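# Inside the fold
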Amino acid sequence: MANNEILDSARFSRRDIFRMGGVAAAAVGGSQLLAACGGGSSSGGSGGGSGGLLIHGTSGGSSKDTLDAHSPVQSADIARINNLYEPLLFWDDNYQIAPALAESIEPSSDAKTWTVKLRKGVTFHNGKDVTPEDVLFSIKRVADPKNPRSAGAGLSTFIDFDGTKKVDDSTVVIALKTPYAVLDWLFAEYTFGIVPTDYDPKNPVGTGAFKYKSFTPGKQSVFERYDGYWGDKAKVDQLQIQDFADANALVNALSAGQIQTMDNLPYNLMSSVKKTGKIVEAETGAWVPFTMRVDQKPFSDVRVRQAMRLICDRKQMIEQALSGEGSLGNDLYAPFDPSFASELPQREQDIDQAKSLLKAAGQSDLSVQLFTGDDIGSVATASASLFVQQAAKAGVKVSVVKKNPFYGDDYLSYTFAQDFWNTRNYIPQAAVCALKNGTYNETHFNNDKFAGLIASAQAETDEAKRKTLLQDAQEIEYNEGGYIIWGFRKQVDATSSKVSGVKPSKYLPLGNYKFNTASVSS
Amino acid sequence: MTDVVVTDALEEVAPPSGRHGAAAWASWFARRIGLAVLTLWLVSILVYVATSSLGNPVKAILGRDYLADKARAAQLTSQLNLDEPLVTRYLHWLGGLFTGDLGTSIASQRPVSELIGSNVVNTLVLVLVSAIVMIPVAFGIAMLSANYRRRRPDTVIQTILLTLAGLPEFVIGILLVAVFSTTVFHLLPAVTLVAAGGHPWDQPKAMVLPVATLVLAVAPYVSRIVRSTLLEVLDSDYVELARLKGIPERVVMRKHALLNALVPGIQVIALQLAWLAGGVVVVETLYNYPGVGFQLVDSVRNHDVSMVQALSMIIAAIYVLVNLIADVLSILLTPRARTAISS
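Residues numbered from 1 in each chain as written. Chains lettered and ligands numbered in written order. Predicted model: local features only at pLDDT ≥ 70, side-chain atom pairs only at ≥ 80, totals over all residues.

Our next topic: the overall build of chain B. The helix and strand tally for chain B stands at 16 helices and zero strands. Within chain B, contacts between residues at least 6 apart in sequence are counted, and of these 70% link residues at least 24 apart. (Helix = DSSP H or I, 4+ residues; strand = E, 2+ residues; numbered from the N terminus. Contact = placed C-beta atoms within 7 Å.)

On to the overall build of chain A. Check the secondary structure of chain A and you find 16 helices and 21 strands. Expected size for 522 residues packed as a compact globule is a radius of gyration near 24 Å; at 23 Å, chain A falls within 12% of this value. With respect to the three principal axes, the spread of C-alpha positions in chain A is 75 × 55 × 40 Å. For chain A, buried positions account for 59% of its 522 residues. At a minimum sequence separation of 6, the contacts of chain A that also span at least 24 residues come to 74%. (Rg over C-alpha atoms; globule rule 2.2 N^0.38 Å. Buried ≥ 20, exposed ≤ 12 C-beta atoms within 10 Å, placed from the backbone.)

A common way to report how large an interface is uses the accessible area buried once the components associate. Residues and elements named next belong to chain B. Domain annotation of chain B identifies domain 1 (19–99) and domain 2 (116–342). On a C-alpha basis, the centres of domain 1 and domain 2 stand 31 Å from each other. On the side of domain 2, 13 residues touch domain 1, which itself brings 18 residues to the contact. For the side of domain 1 that touches domain 2, the elements supplying multiple residues, two or more each, are helix 2 (21–52) and helix 3 (57–62). Examining the composition of the side of domain 1 that touches domain 2, we find that 13 residues originate from one element, helix 2, more than from any other. Tallied by class, residues from the side of domain 1 that touches domain 2 come to 13 nonpolar, four polar and one charged. (Domains from an automatic or database assignment. Nonpolar A, V, L, I, M, F, W, Y, C, P; charged D, E, K, R; others polar.)

All names here are of chain B. Packing of helix 7 (residues 112–147) against helix 8 (residues 152–166) brings their axes to within 7 Å, and their N-to-C directions diverge by 140°. Between helix 7 and helix 8, the interaxial angle falls into the category oblique. Judged by the twist between their axes, the crossing of helix 7 over helix 8 is left-handed. Contact residues: Ile141, Leu144 and Ser145 in helix 7; Asp154, Ile157 and Gln158 in helix 8. (Axes fitted to C-alpha atoms, helices over the stretch in contact; angles between N-to-C directions. Parallel < 35°, antiparallel > 145°, perpendicular 65-115°, else oblique. Left-handed = near helix turned anticlockwise from the far one by under 90°.)

Here the focus is the confidence of the model for chain B. Residues and elements named next belong to chain B. Looking at chain B as a whole, the pLDDT averages 84, with 90% of positions reaching at least 70. Considering only residues more than four positions removed or in separate chains, one finds that residues 1–16, a stretch of pLDDT under 50, has 19 contacts. Reported confidences for the modelled complex are a pTM of 0.80 and an ipTM of 0.76. (pLDDT = per-residue confidence, 0-100.)

Taken together, the contact pairs 25 residues of chain A with 26 residues of chain B. For the side of chain A that touches chain B, the secondary-structure elements that each account for two or more residues are helix 2 (14–19), strand 8 (210–216), strand 9 (220–225), strand 10 (238–244) and helix 7 (247–255) of chain A. Ranked by residues supplied to the side of chain A that touches chain B, first place goes to helix 7 of chain A with four residues. For the side of chain A that touches chain B, the residue count by class is nine nonpolar, eleven polar and five charged.

Laid out in structure tokens, this is it:
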């Protein structure tokens, strides 16, 4: 039982996840900077390139906005945090682990002791060096068992604080009570920024390429280039992050040249931006599945579940519910995981096969209710009505029931419903959604063999062996699972045509919000 | 509610009290203020009961975490004094209103007054500037229109006014943005970007489109009301007499007709301005203008009870105040009512 909690390495409340819903991959974190330190930047000015001001516009901000390194609420916070603070590792643009404040984090052979080698010469915005004490302080703050932050919810249940200590001026050892072979993933989350021992969110000191200047919740925040930055120094002098009430106002501001970048561009506004700006598009691992409870009729019969999966026309879903901005799903999550089972055959609509499976199960005239709600997001309601049409082709009558709120008391007990998830790798995702004690196990999936495979994979430091274990686990879900995962949406952001240096990233919008690589021509 | 008060006030002045001048005025004014305070007090009960009867606010704020996060639930419960009975809580809150303590925002844990202060000022300035532009424009158009009664210029003006009145303000706003900021010309900023500690009017150009939108949204109503009153007055006997006496038409219009058509104009302007103060969420959202409407929507979304209560009270207060001013002006501009009070 405790084991499952350990696995629950990225536990968010449903509300937290929902708030980050607009942001691809908000659940896991990190980023990459260009490897060359300050390479290519002009010698004029204090390390900058283009100079000037970059204004980033984002919608969803409110008086709940925060600068706290470890408790972001929505996309404006995520943008701020990624420029102020940095974790020990980064998820790079390709969703791979890259070094950041740590040069390396290596496990012992039993995956219970991890050695962190810190990068030398990294300073906080107040000029102080980053020391092992700061790292230990940050870990304790994030994984505080009494009040764990989003990045530390899982870690707090299995870290051994007695054995976690400083070795020398650039080395920290992290001890675990139980093995966890992918601990480095946790330390790459952007919500695991390293802060100094005297950290106070009111005076937000970090190591990022921009330092704090001013902040008004729900309105805007201003940052200045940090000239002591260890990596690629920012090209612009100032970064302003501006809250907007509405995406249309954002697009207008971008067209009028009042802001230079914006995130989470709604698909229907893409054409209006194309005329005046640049679209930044990236693949993500974010998914809006249909969820079938495997422990309740009619879905307790695996043939019914497989029939429902065969009913789904995935291409049509992407074409209509995502306006074509997505990639095909194969009823498996975590598409960027190195162990992703990409060899399994792509499932496609097969009405005949679905009908015969339903007939064999004695459910030829199946009629089910599909629960959905506006708080899942617009993709959910669009795909729900599409599924009704697709199911009718196989003689299945699906009626949509809109719940308000969907994430109310009935959440996790719907027989047939929808949900949404952001990008995660396989082990953290399975921990929350596919194990008996997973916080959000909405399909009530409970398979001993599957749980055993996940537990072994979690303790396995050999990557090849882990991959075999996880692919076996995915095959079980592919054949018996309760999810219909039809696709992964693309992240769409935009910049003005005067901005250069913003690259798409699979992890977070606008190249993980790392505005130090961006420059603005006048 | 305030409309009723308005007519009451006008009728109540009819019976002469027997007292003279200043004393009569003071007593009348005190009565009016008393009624305004009474209105606000009733509003405060409504606001408080409405925000409290929406179920347990802590449960609404925490959602699925309510059961999981006991500590936070307890902290919020004590912050909102939910363990006390409703009446005690109401009195506590009302007392706070009088001393200027509007409570603490649940979302940001900062004093409400600190959070809403600048937004209230921003909205008031937007409304005031719109009023200053709108009133002469609306009256000018009405006079022009009345002057050309039932002739071509009047028909054209009335058609345009009707069209504008029929368009929702966000449509007008979107059109203005497309024409002046994004698609056709690039003359004006599309949105308001306020620097930290600054005000929207620091960049006067950014005020142009929001003000223009509000003026276009409100002016047609005012203009049409003033025009129809003007026409009524122009047909009356005393205007006819003035004309017969040989007074030039321009003077007839300005001195005889317009002054008598002012009162209905003032009433409709007051209603429109009061509506602007609380009801311009759409315009604020479109232009990203940091005002109270936008903040109210944000607070409702965050289940920020104290913010919702404070903002509702402020909007109600603006309503009452604007109507009070309109009533006083109406009385002062109506000789019959004026003499009725002081005699």
